[in-house]
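# Fold and contact review
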Amino acid sequence: MRHRKISNTKDLIHPITNFCRIEIYSPTAFSLAQVLQEYINSDHPSHGQKIHSHILKIGFEPNVNISIKLLILYLKSSNLSYARQVFDELPRRTCTAYNYMISGYVKHGFVSKSFDLVREMCLANEKPDAYTLSMILKASTSGNASLSVRRIGREVHAQIVKSDVEDDVLYTGLVYSYVMRKRIEYARRVFDLMLDRNVFCSTSMITGYMNEARWEDAEDVFEKTREKDVVVYNAMIEGYSKSVEKAKKAIEIYVHMQRLNFKPNISTFASIIGACSLISAFGIGQQVQGQLMKTEFFAHIKIGSALIDMYSKCGQTEDARCIFNHMPKRNVFSWTSMIDGYGKNGNPNESLALFNRMISEGQIVPNYVTFLGALSSCAHSGLVSKGREIFESMERVHSMKPRMEHYACMVDMLGRAGSLNQAFEFVMQMPEKPSSDVWAALLSSCRLHGDVELAKIASNELFKVNTTSRPGAYVALSNTFANAGRWDNVIELREMMKARGVSKGTGFTWVGTDAGFEAFHAGQSL
């Protein structure tokens with residue numbers, strides 16, 4: 001019998017008609033496999049499911065090859081229930097079949113089902129291969145994995161050693177698994193054993209070290225990476241951009257990579273803008289924007305939000321608003337950055353106006369940070385009733401339970417307005433135990449208004465929650481005592497700080513010099 005391929009879109013849109021016309025009486029395994037493969041390779045694999053219906057109607061018994069193709073077809077169509085049915089009806093489940101089904105479960109977030117299938121595979125005396133193990137590692141590091149599943153990396157490692165498998169992809173997955181579980185020393189041991197350390201593996205190690213602020217180790221891996229690409233540079237820039245002390249290095253790496261003709265991508269730009277935000281490097285931020293305007297990334301919502309945040313933190317709210325106004329599309333982060341930027345730069349009225357506009361338009365749902373920015377603006381502008389209204393609307397209108405930082409902001413708002421007793425009552429009526437931030441907000445208000453007795457209560461509660469990591473609280477209480485002329489209490493408190501080993505670090509700021517950005521501490525001369 002003569003067979004033909006599906007050669008155009010119409011064949012794909014009308015599968016039953018065309019297939020039946022060819023093989024309606026006696027389809028062969030070859031013709032079925034050929035047609036199924038066409039659908040698997042197409043942009044619309046779900047259309048091929050009708051072939052299975054036709055197979056069942058005419059009573060054709062598919063062989064293992066046909067069944068595997070049907071399995072792949074259903075998996076590509078995201079139809080896991082039918083895929084599992086085809087899998088369960090296989091006369092013999094090979095390692096390949098198990099791998100396809102496990103991969104499908106992992107891809108769609110069904111981690112527990114993927115592990116159940118691995119156990120079933122082992123009980124059936126089907127030995128997992130390198131691909132199976134790599135899928136297990138991928139599942140163990142997914143966001144849907146339970147805590148017990150995430151610990152499975154070491155078991156996979158042991159299986160790799162027992163099986164004497166040498167697969168760079170598998171070892172790369174193992175390194176990534178250890179990094180994700182913050183077992184960086186185990187990751188480094190595997191990394192050092194690899195003969196061919198690929199860029200992805202190096203990037204994982206750099207990310208792991210950066211997350212633990214192990215700068216020298218990250219730099220060591222970076223220097224030893226022979227074939228660098230933009231991704232490994234991004235890992236360095238992103239890691240440095242999260243630390244005030246190292247943000248300057250992020251800018252240096254950013255300049256260096258371009259001198260070597262590595263072209264920044266959207267992740268590079270987002271990270272370097274973040275570094276500029278951290279140290280208020282307004283001038284460099286402007287230069288980065290100048291570069292961005294020559295690329296397709298400038299209109300991207302992620303970049304727009306990052307620029308708004310950067311300009312706001314540099315005190316340039318007009319520039320931030322210009323970016324905001326010209327964004328083709330905005331998300332909750334764009335709105336929140338602008339609302340928060342106005343609030344922190346002494347424009348609470350603009351902040352609240354934008355917040356009200358966001359709520360009234362109703363296209364974007366505010367998140368927890370949005371509400372925090374609006375509450376902070378109310379606190380700085382003395383709009384207590386408006387602040388209460390916003391706070392109460394979180395749960396009543398938006399079904400968002402206020403977090404501890406929202407309660408702290410409310411205490412700060414009441415305290416700034418001089419309503420210290422109301423602030424204290426608000427704390428006492430909280431549904432959860434107040435955090436150190438809540439007590440610190442009350443203590444700060446007591447210092448502002450000179451309420452020594454309430455300051456003592458707030459500080460005592462604060463020190464119960466957090467004894468040593470809030471030196472500012474000791475200073476605030478000391479200043480409250482000093483302003484009230486209670487010097488004996490000041491001396492007593494300073495002795496307590498010495499006994500507890502509490503010390504307040506000196507303040508510093510970033511200053512642009514000919515050599516770049518330098519941190520200058522209080523009392524230091526230029």
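Shown above is the structure to which this text applies.
Residues numbered from 1 in each chain as written. Predicted model: local features only at pLDDT ≥ 70, side-chain atom pairs only at ≥ 80, totals over all residues. Heavy atoms only, no water.

### A word on a nonpolar patch on the surface
Taken together, Tyr-176, Met-180 and Phe-200 make up a surface patch of nonpolar side chains, about 300 Å² in accessible area. Along the chain, Tyr-176 falls in helix α12 (residues 168–180). Accessibility expressed as a relative area gives 31% for Tyr-176, which makes it partly exposed. (Patch = residues over 30% accessible without salt bridge, like charges linked within 9 Å, V, L, I, M, F, W, Y side chains within 5 Å. Areas by Shrake-Rupley, 256 points an atom, 1.4 Å probe, with all protein chains shown as cover. Salt bridge = Lys/Arg side-chain N within 4 Å of Asp/Glu carboxyl O. Helix = DSSP H or I, 4+ residues; strand = E, 2+ residues; numbered from the N terminus. Buried < 20%, exposed > 50% of the residue type's maximum accessible area, 1.4 Å probe, protein only.)

### Overview of helix α7 (residues 95–107)
It helps to recall that an α-helix has 3.6 residues per turn; residues three or four apart then point in one direction. An ideal rise of 1.5 Å per residue puts 18 Å on 13 residues; α7 measures up with 18 Å between its terminal C-alpha atoms. Here α7 lies mainly inside the structure; ten of its 13 residues are buried. Buried within α7 are the following residues: Cys-95, Ala-97, Tyr-98, Asn-99, Met-101, Ile-102, Ser-103, Gly-104, Tyr-105 and Val-106. Positioned one or two residues after α7, Gly-109 has a phi angle of 85°, which is positive. (Expected span 1.5 Å × (residues − 1).)

### Let's talk about the pattern of salt bridges
Considering all chains together, one arrives at 17 salt bridges under this definition. With its nearest N and O atoms 3.0 Å apart, the salt bridge here joins Glu-120 to Arg-93. Separated by 27 residues along the polypeptide, Glu-120 in helix α8 (residues 111–123) and Arg-93 in the loop between α6 (80–88) and α7 bring together distant segments of the chain. Under the relative-accessibility criterion, Arg-93 is labelled partly exposed at 26%. When the shortest N-O distance is used, the salt bridge between Asp-116 and Arg-119 registers 2.9 Å. Of the two residues, Asp-116 and Arg-119 both sit in helix α8, three residues apart, roughly one turn of that helix.

### Section: unusual backbone geometry
Positioned with a positive phi, Asn-261 is a non-glycine residue whose angle comes to about 70°. Position of Asn-261 relative to the elements: it lies in the loop between α17 (247–259) and α18 (266–278). The class for Asn-261 is exposed, based on a relative accessible area of 71%. At Ser-280, a residue that is not glycine, the phi angle is positive and equals roughly 55°. Taking the relative accessible area as the measure of exposure, Ser-280 reaches 37% and is therefore partly exposed.

### Thoughts on the packing of helix α22 (residues 332–344) against helix α24 (residues 368–381)
Between α22 and α24, the least distance of the axes is 9 Å, while the angle of their chain directions is 20°. Viewed along their axes, α22 and α24 adopt a mutual orientation that is roughly parallel. Of the two elements, α22 crosses α24, and the hand of that crossing is left-handed. Touching Val-332, Thr-336, Ile-339, Asp-340 and Gly-343 of α22 are Val-369, Thr-370, Gly-373, Ala-374 and Ser-377, all from α24. Among the residues making up the contact of α22 with α24, the classes are represented as four nonpolar, five polar and one charged. (Axes fitted to C-alpha atoms, helices over the stretch in contact; angles between N-to-C directions. Parallel < 35°, antiparallel > 145°, perpendicular 65-115°, else oblique. Left-handed = near helix turned anticlockwise from the far one by under 90°. Contact = heavy atoms within 4.5 Å. Nonpolar A, V, L, I, M, F, W, Y, C, P; charged D, E, K, R; others polar.)

### Description of the packing of α22 against helix α23 (residues 348–361)
Their axes nearest at 6 Å, the elements α22 and α23 cross at an angle of 155°. Judged by the angle between their axes, α22 and α23 are roughly antiparallel. Handedness of the α22/α23 crossing: left-handed. Contact residues: Val-332, Trp-335, Met-338, Ile-339, Tyr-342 and Gly-343 in α22; Pro-348, Glu-350, Ser-351, Leu-354, Phe-355, Arg-357, Met-358 and Glu-361 in α23. A class-by-class count of the residues in the contact of α22 with α23 yields nine nonpolar, two polar and three charged.

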